[in-house]
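Residue-level listing of the chains:
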Amino acid sequence: MNKGISRRRFVKLAGTAIALAALPGCGALAADENAKQPVKTKEKVAGTGGEHYVPYNERSGAEAVVYFTRDLSAAGLLKIYDRLKANLGGKVAIKLHTGEPHGPNIIPRPWVKKLMADKLPGAKIIETNTYYGGGRDTTEKHRETLKTNGWADFTTVDITDEHGTAMLPVPHGKWFTEMSVGKDMLNYDSFLALTHFKGHTMGGFGGSNKNIGIGCADGKIGKKMIHAGDSGSQWGITQEEFMERMTESTQATVSHFKDKIAFINVMRNMSVDCDCAGTSAKPVVTPDIGIVASVDILAADQACVDCVYALPAESKKDLVERMESRHSLRQLSYMKEMGMGCDRYQLIDIDNGDKVINAQEAVKGIKGTWVPDGN
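This one's a predicted model, so the numbers in the text were calculated from it and none came from an experiment. (Residues numbered from 1 in each chain as written. Predicted model: local features only at pLDDT ≥ 70, side-chain atom pairs only at ≥ 80, totals over all residues. Heavy atoms only, no water.)

A closer look at the confidence of the model for the protein
Then, number 1: Averaged over all residues, the pLDDT of the protein equals 91, while 89% of them reach at least 70.
Then, number 2: This stretch, residues 1-40, has a pLDDT under 50; its non-local contacts, to residues over four places away or in other chains, come to seven contacts. (pLDDT = per-residue confidence, 0-100. Contact = heavy atoms within 4.5 Å.)

Structural data, given as structure tokens:
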């Protein structure tokens, strides 16, 4: 004991310290006084390798099931949907990209109309407003664009951030612990990602991961969290970090719906630019391939990427260059790291008696460049 302090004085001071620590916040205050060194947080570092394609024989782990059809029509869409319908029930949300005004490459409206009328009569298409300026950055402009593009002719699209936002947890996230989404998405019991697979200006390619990760994040908060972060620039996040942030946003929605979710990717009119580019999208050169579907999001997107890489060199070069230059293949490796699915799969050819095929067989006979299908 310090000889300069009497026993009575010491006991009094000790009692005061105990009393202070018992008060709300005082324990932390006392700790702060005794620990002047700042707490070091682990630096967040993006992964690498997003510019490198990993061939199938170099992957490991379990296999998922992916269905495939070459039938790019309403009939083909309905046929492949039937393989997933057991996962969907109650009030179903259909998340698809409805496009900027007069967007030339979006999934044909008659296909979606037929799917909803025949298979999902009680479902709703859901969307969110955009982060960038244009024809969809406010609900009012968005509704006008929906009319222009023909969606309002047969349905009412639910713009889920029209009435506000909600935060969903991101399990095991590196960049986020939660993500801001349109709050009206929480009104649904199950979720169908109906995705136009194509290139993307920042994401390299846009599959189910992009459709959900960007498309379900609300326009003003969630999308800013992904695209800007703390960079100080509206589009400050790029390459692997962007892929990881987008994937964590997807994880929030996928985890919310659990096993009440399914994924369909339509490989048609695959410009290197997203449908958000509208009429300014670069002309399509990559040939159409078909439709894939799975209840495993990673397997669905991986199968599409594998089909593109299996095309002849002259057919795939533009889309592959877009994927690799943006380091977009990090989407796939990060989904696997996040435990979101499998990058190995059985590809079931529903056009030929459910024969198990590979990506090379799926694109057999496809060559040259894009030819319009008339839809």
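Continuing now.
Some thoughts on the sheet that holds strand 2 (residues 92-95)
Then, number 1: Strands sit in the order 4-3-2-7-10-11-1-12-13 across an open sheet of nine strands; the sheet is mixed. The sheet is open, and its two borders are formed by strand 4 (158-159) and strand 13 (355-357), each paired with just one other strand.
Then, number 2: Taken together, the two bridges between strand 3 (residues 124-127) and strand 4 define a ladder with parallel strand orientation. Residue pairing for strand 4: Glu-127 is matched across the bridge by Ile-159. (Pairing = 2+ DSSP bridges. Helix = DSSP H or I, 4+ residues; strand = E, 2+ residues; numbered from the N terminus.)

Regarding the pairing of strand 2
Then, number 1: Neither face of strand 2 is exposed, since Val-92 and Ile-94 on one face and Ala-93 and Lys-95 on the opposite face are all buried.
Then, number 2: With four bridges connecting them, strand 2 and strand 7 (residues 190-196) associate as parallel partners. In the strand pairing of strand 7, Ile-94 is matched with Leu-192.
Then, number 3: Bridge analysis of strand 2 against strand 3 gives three bridges, and the strand direction is parallel. Within the sheet, the bridge partner assigned to Ala-93 lies in strand 3 and is Lys-124.
Then, number 4: Each parallel crossover has a hand, and for strand 2 linked through helix 4 (residues 109-118) to strand 3 it is right-handed. (Buried < 20%, exposed > 50% of the residue type's maximum accessible area, 1.4 Å probe, protein only. Right-handed = clockwise from strand over helix to strand, strands pointing away.)

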